[in-house]
Amino acid sequence: MKSSIRQRLEQLADRLAELDALLGQEEAIRDMEAFRRLNRERADIAAVVDLFAAYRRAESDLATAAAMEGDADMRAFAQEETQAAQATMARLEDELQRALLPRDPNDDKNIFLEIRAGTGGEESALFAGDLFRMYARYAERQRWKVEVVSKNESDLGGYREIIARIEGSGAYSKLKFESGGHRVQRVPETEAQGRIHTSACTVAVLPEADQLGAIDINPADLRIDTFRASGAGGQHINKTDSAVRITHLPSGLVVECQDDRSQHRNKAQALSVLAARLADMQLRAQQLQIASTRKSLIGSGDRSERIRTYNFPQGRVTDHRINLTLYKIDAIMDGDLDDLLAGLNAEHQAEQLAALAGEE
């Protein structure tokens, strides 16, 4: 084990002992917020320290076996113990390295999912609808809540744009690699001669901002317009200016929300989406700096970057970032994304492990 990794593990072991002492004090529960914070920190590091303790026991077993090899009668037994201890140490070292990988602070957050039709006209809008249903069904499998914030429907029932808030444990951690360009190859329903068309959509997955104040949105930087929400008519047609459009003047970002009949709720939702987009802009600016020294798994972060192709005639889905092709397009479009997401996460972890191994 590298000395730098061992040093970090020893520091965590010392910190766990310190936390146990603090939590054991009688006055610890007087400040419940601090008590909960210390308990969360303890939960985060306890499993790693337990693994390190098992690793040190295996080290001790190895040293004991080495000492026995000088005894001819015990040599065969000592060699078996040595091999067992070495195998255990190798397995535990791999687990410890993974446990030490930096954790994305956004992993537990809810998300805003944004899908926009790109090249391909009406077929692209239909594919945007297919993508939204794919993610909605995956969310249903995860028992997450999906709430449409804004949508702009096409003439044939697709979406030129749809934005949804997805609430659930680990939503960002599982879907954060979905941002990018998604391409579809299939025969459109409107194609009379059976020719395969290629069209594309862009997907953005944004972690929900903790609170608006954390993003520092200056009210003077906002232009807020209200207008009458569009609808199909009938007795429930919106007769008031409940729809809200917010323009963030410094960045030029524009967010519209009209799905609720309450102007107050539409404004609150629009501000939440704006905060998430601004936070995403800040994050991408930081990633660009990191990318100058080391290539990121998710590429440049450019929304137009093609990350995946859905080929319906061949029944395959290919993720170009990890060269993974799966021949089960029907299941994937029905929300079975586990193999794709697991592959992306494994590749990301491999890159993090390579970076950790390269540290001095």
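Everything here concerns the structure above.
Quick caveat: nothing in here was measured; it's all calculated off a predicted structure.

Conventions and cut-offs
Residues numbered from 1 in each chain as written. Predicted model: local features only at pLDDT ≥ 70, side-chain atom pairs only at ≥ 80, totals over all residues. Heavy atoms only, no water. Salt bridge = Lys/Arg side-chain N within 4 Å of Asp/Glu carboxyl O. Helix = DSSP H or I, 4+ residues; strand = E, 2+ residues; numbered from the N terminus. Buried < 20%, exposed > 50% of the residue type's maximum accessible area, 1.4 Å probe, protein only. Pairing = 2+ DSSP bridges. Axes fitted to C-alpha atoms, helices over the stretch in contact; angles between N-to-C directions.

## Description of the pattern of salt bridges
Phase 1 of the analysis: Applying the stated criterion to the full structure yields 28 salt bridges.
Phase 2 of the analysis: For E95, the salt bridge identified is with R91, shortest N-O distance 3.0 Å. With E95 and R91 both in helix 3 (residues 75–99), this residue pair falls four residues apart, about one helical turn.
Phase 3 of the analysis: Owing to a relative accessible area of 44%, R91 belongs among the partly exposed residues under this scheme.

## Comments concerning the sheet that holds strand 8 (residues 253–257)
Phase 1 of the analysis: Strand order in the open sheet formed by three strands is 6-7-8, with antiparallel pairing between adjacent strands. Taken across any chain shown, the strands that pair with only one partner, and hence form the sheet edges, are strand 6 (222–227) and strand 8. Taken over all neighbouring pairs, the strand axes of this sheet differ in orientation by 15 degrees on average, direction set aside.
Phase 2 of the analysis: When strand 6 meets strand 7 (residues 243–248), the two strands line up antiparallel, connected through six bridges. Bridge pairing in strand 7 links R223 to T247.

## Details of unusual backbone geometry
Phase 1 of the analysis: Even without a glycine there, the phi angle at R143 is positive, about 65 degrees.
Phase 2 of the analysis: Assignment of secondary structure puts R143 in the loop between helix 4 (121–141) and strand 2 (145–153).
Phase 3 of the analysis: Taking the relative accessible area as the measure of exposure, R143 reaches 80% and is therefore exposed.
Phase 4 of the analysis: Notably, N323 is not glycine yet its phi reads approximately 50 degrees, a positive angle.
Phase 5 of the analysis: Relative to the helices and strands, N323 resides in the loop between strand 10 (316–319) and strand 11 (324–326).
Phase 6 of the analysis: Here N323 falls in the exposed class, since its relative accessible area comes to 69%.

Without other data, these values stay purely geometric and don't point to any function.
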